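Here are the chains, one letter per residue:
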Amino acid sequence: MSEPTHRRLIILGSGPAGWTAAIYAARANLAPMVITGMQPGGQLTTTTDVENWPGGPEGLQGPDLMAQMQAHAERFGTEVVVDHIEKADLGSRPFRLEGSNTYTCDALIIATGASARYLGLPSEQAYLGRGVSACATCDGFFYRGQRVAVIGGGNTAVEEALYLSNICSKVILVHRRDALRAEKILQDRLFAKAKNGNVEILWNHTLEEVLGDDQGVTGMRVKSTVDGTTREIEVAGIFIAIGHQPNTALFEGQLAMKNGYIQVRSGTEGNATATSVPGVFAAGDVADHSLPPGDHLGGFGLHGRPGRGEIPRRPDVIPAVLAPGDHRFPPPEAALAEPDGLLAVGGRLDLPTLLAAYRAGIFPWFEDDRLPLWWSPARRAVLVPGRHHLSRSLRRRIRKGPWQITTDRRFEAVVAACAGPRRGVRGTWITPGMRRAYGELHRAGHAHSLECWLEGELVGGLYGVQVGGVFCGESMWSGVPDASKVAFVALSQTLAAAGFALIDCQLPSPHLERLGVETISRREFLAVLAKAGRWSLHWPSSEAFAEGLERLAQP
């Protein structure tokens, strides 16, 4: 057995408290080692705007701030180790920590943060990951245009509701009291949404039971705290936002605690963060429950806290974090099982990052003023070109026409139309930031559009990104019935003739399945992409697509 790695000082946790501790310790020439834990960067890596960081610029994002903190700590010589400690022995010197490797230290700073708290309902646990979540940034993607509920009344709950209101048809905030506990500025934003938008506040109610079936959540039963009456409300997703609990189970029975929080000396006697074991210190959410997470980021010596705007996460939902400008994605196989396919958060929607993503079988989902999320689902919706299903009614529709298909003549118009309002769907994930990014891809020759014309009028189309012999579809649009179907089958017919191997449709839908789209495993998809993505194929011309459409009209 190899000897354990020994350091004078080890810091457990790489959130704001951990990095603050590392910076001060490194400047004191203590040569600290930071062991990152399961979620490098802490809960702030899932946050969007950080509005209470003194001197922070407008639009400061959580991952950006955490990357800056890590760089600051490393600049003074902090050693960073990616590991998760599963066992700690504080009963003898040196202190011993065991994870993938074994470590010993003379002094220890615990900055392991906190995790989202759940209600504890059996039905809540039964549907966890199938409609019940504690992370809107992670799972909001799956509820576009649907009704959802948020449970809670503090900052986290209001921020979740505001975030979801941009992508869901309706958000119902359920609060057990008749007043919110969130900051006034957040309340004002929520009330404005409730007055003019798609948010409803259900006062004086609690969640009594999550309702659902084999497919997942279908609704909720809520109970009035005034008269005890209950009622059922139809929703597709329920987001629990009732606070956090400290990640201190590792130290139970070894340190003095109160309600799960590590007790520290505090006060004015010095060594404010000292615990009941000499040489062990605690910083951040593991020791301070007096304020909600995020009321201050740095300060109070080694005391650091997650900032406002954090979004709570289940401890097992931990994607990789990309720093701005970083396009070195982890392997797609490392994507989370729940939410399915979430691989990374952060980075930028720029040309190098997008190309690196598509070439690796990864696609983004983005919202302005939010962090890009990068996905590689376990099952991929694809179509082998030429194997589309052409119903008799659609063939008759194509013959009746007169349809015309062109390519790359109105790229921006097609993307803008795809981003437009749709029946039953509120908002769009094709935001101005997304449109700018794909416009850049188009100008560089990587992104293409198909335009569908009827009697000289642009009535439909689609767009996506070419990676060698694979076309990665992004979105379709119909201004008249069947226009997107005509464009899609013309794409399939023409790419088959041009030698393309696959059309990537990302996620399945009934609409795509009726056109012949099937699902394959991530492994199968990546194998095809690895081979066909290196092919040197020219994108077909408008004339080639017109010929493909003519062949579709033939008996």
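Numbering of residues starts from 1 in each chain and follows the order in which that chain's sequence is written. In view of the model being predicted, local features appear only for residues whose pLDDT reaches at least 70, and side-chain atom pairs are presented and counted only at 80 or more, with totals across whole chains, interfaces and linings using the full set of residues. Calculated side-chain values reflect all of the structure's heavy atoms, with hydrogen atoms and water omitted.

A. Representation of the nonpolar core within the structure. By size, the foremost hydrophobic cluster in this structure holds 71 residues, and its most contacted members are Val150, Leu164, Leu190, Trp374 and Tyr438. In this analysis, two residues are considered to be in contact whenever any of their non-hydrogen atoms come within 4.5 Å of each other. Aside from chain neighbours lying at most four places away, what touches tyrosine 438 is Leu354, Tyr358, Pro364, Phe411, Ala447, Tyr463, Val465 and Glu474. The definition of a nonpolar core used throughout is a set of buried Ala, Val, Leu, Ile, Met, Phe, Trp, Tyr and Cys residues joined through side-chain atoms within 4.5 Å. Exposure categories follow from relative accessible area, calculated using a 1.4 Å probe and restricted to protein chains: below 20% of the type maximum is buried, above 50% is exposed, and the middle band is partly exposed. Listed in part, the 32 residues of the second largest apolar core include Leu390, Cys452, Ala487 and Leu495.

B. Region of the structure containing the packing of helix α8 (residues 392-400) against helix α14 (residues 542-553). Where α8 meets α14, the closest approach of the two axes is 8 Å, and the angle between their N-to-C directions is 120 degrees. When the axis of α8 is compared with that of α14, the two are oblique. Considering only the axes of α8 and α14, their crossing is left-handed. Two secondary-structure elements touch here, α8 through Arg395, Ile398 and Arg399 and α14 through Leu549, Leu552 and Ala553. When residues are sorted by character, Ala, Val, Leu, Ile, Met, Phe, Trp, Tyr, Cys and Pro go into the nonpolar class, Asp, Glu, Lys and Arg into the charged class, and all the rest, Gly among them, into the polar class. Per-class residue counts for the contact of α8 with α14 are four nonpolar, no polar and two charged. Interaxial angles span 0 to 180 degrees and are taken between N-to-C directions of axes, which are lines fitted to C-alpha atoms, for helices over the stretch in contact. Secondary structure counts use DSSP, requiring at least four H or I residues in a row for a helix and at least two E residues in a row for a strand, with both numbered from the N terminus. Roughly parallel means an angle under 35 degrees; roughly antiparallel means over 145; roughly perpendicular covers 65 to 115; every other angle is labelled oblique. Rotating anticlockwise by less than a right angle from the far helix to the near helix defines a left-handed crossing, while the corresponding clockwise rotation defines a right-handed one.

C. Region of the structure containing helix α9 (residues 411-418). Every buried residue belonging to α9 is among Phe411, Val414, Val415, Ala417 and Cys418, and all of these are buried. Mapping the buried residues of α9 onto a view down its axis gives an arc of 160 degrees, with all of them on the same face. Summarising the contacts, the buried residues of α9 are in contact with α10 (432-443), β26 (447-454), β27 (457-467) and β28 (470-478). To be clear, the arc concerns the directions from the helix axis to the C-beta atoms.

D. Layout of the pairing of strand β9 (residues 147-151). By the criterion of burial, β9 is predominantly enclosed, with four of the five residues buried. Throughout, right-handed denotes a crossover for which the path from the first strand over the helix to the second runs clockwise when the strands point away from the viewer. Running through helix α5 (residues 155-165), the crossover from β9 to the neighbouring parallel element strand β10 (residues 170-174) is right-handed. DSSP calls a pair of strands paired once it identifies at least 2 bridges connecting them. With four bridges joining them, β9 and strand β15 (residues 237-240) adopt parallel strand pairing. Across the sheet, residue valine 148 finds its bridge partner in β15, namely glycine 237.

E. Broad picture of unusual backbone geometry. Across the junction of arginine 93 and proline 94, the peptide omega takes the value -10 degrees, indicating a cis bond. Here proline 94 shows up in the loop between β4 (87-89) and β5 (95-98). A positive phi is found at alanine 31, a non-glycine position, where the angle reads about 50 degrees. Along the chain, the position of alanine 31 falls in the loop between α1 (16-27) and β2 (33-35).

F. Region of interest: the sheet that holds β10. Here we have five strands laid out as an open sheet, ordered β8-β15-β9-β10-β11, and parallel in their pairing. Since the sheet does not close on itself, it has two edges, and those belong to β8 (132-133) and β11 (199-202), each with one partner. Docked against the sheet, α5 engages β9, β10, β11 and β15, running at close to 165 degrees with respect to β9. Helix α6 (residues 184-196) rests against β10 and β11 of the sheet, and its axis sits at about 110 degrees to β11.

G. Focus on the pairing of strand β14 (residues 230-234). Note: strand β13 (residues 216-224) against β14, five bridges, orientation antiparallel. Along β14, the bridge assignment pairs lysine 223 with threonine 230. Linking β13 to β14, which pair antiparallel, is a turn of five residues; within it glycine 228 sits at a positive phi near 80 degrees.

H. Region of the structure containing the confidence of the model for the protein. pLDDT is a residue-level measure of predictor confidence that goes from 0 to 100. Of all residues in the protein, 86% have pLDDT values of 70 or greater, and the mean over the chain is 85. Overall, residues 290-317 carries pLDDT values under 50, and its contacts beyond four positions in sequence, including any with other chains, amount to 121 contacts. Taken as a whole, residues 423-427 scores under 50 in pLDDT and shows 12 contacts with residues more than four places along the chain or in a different chain.

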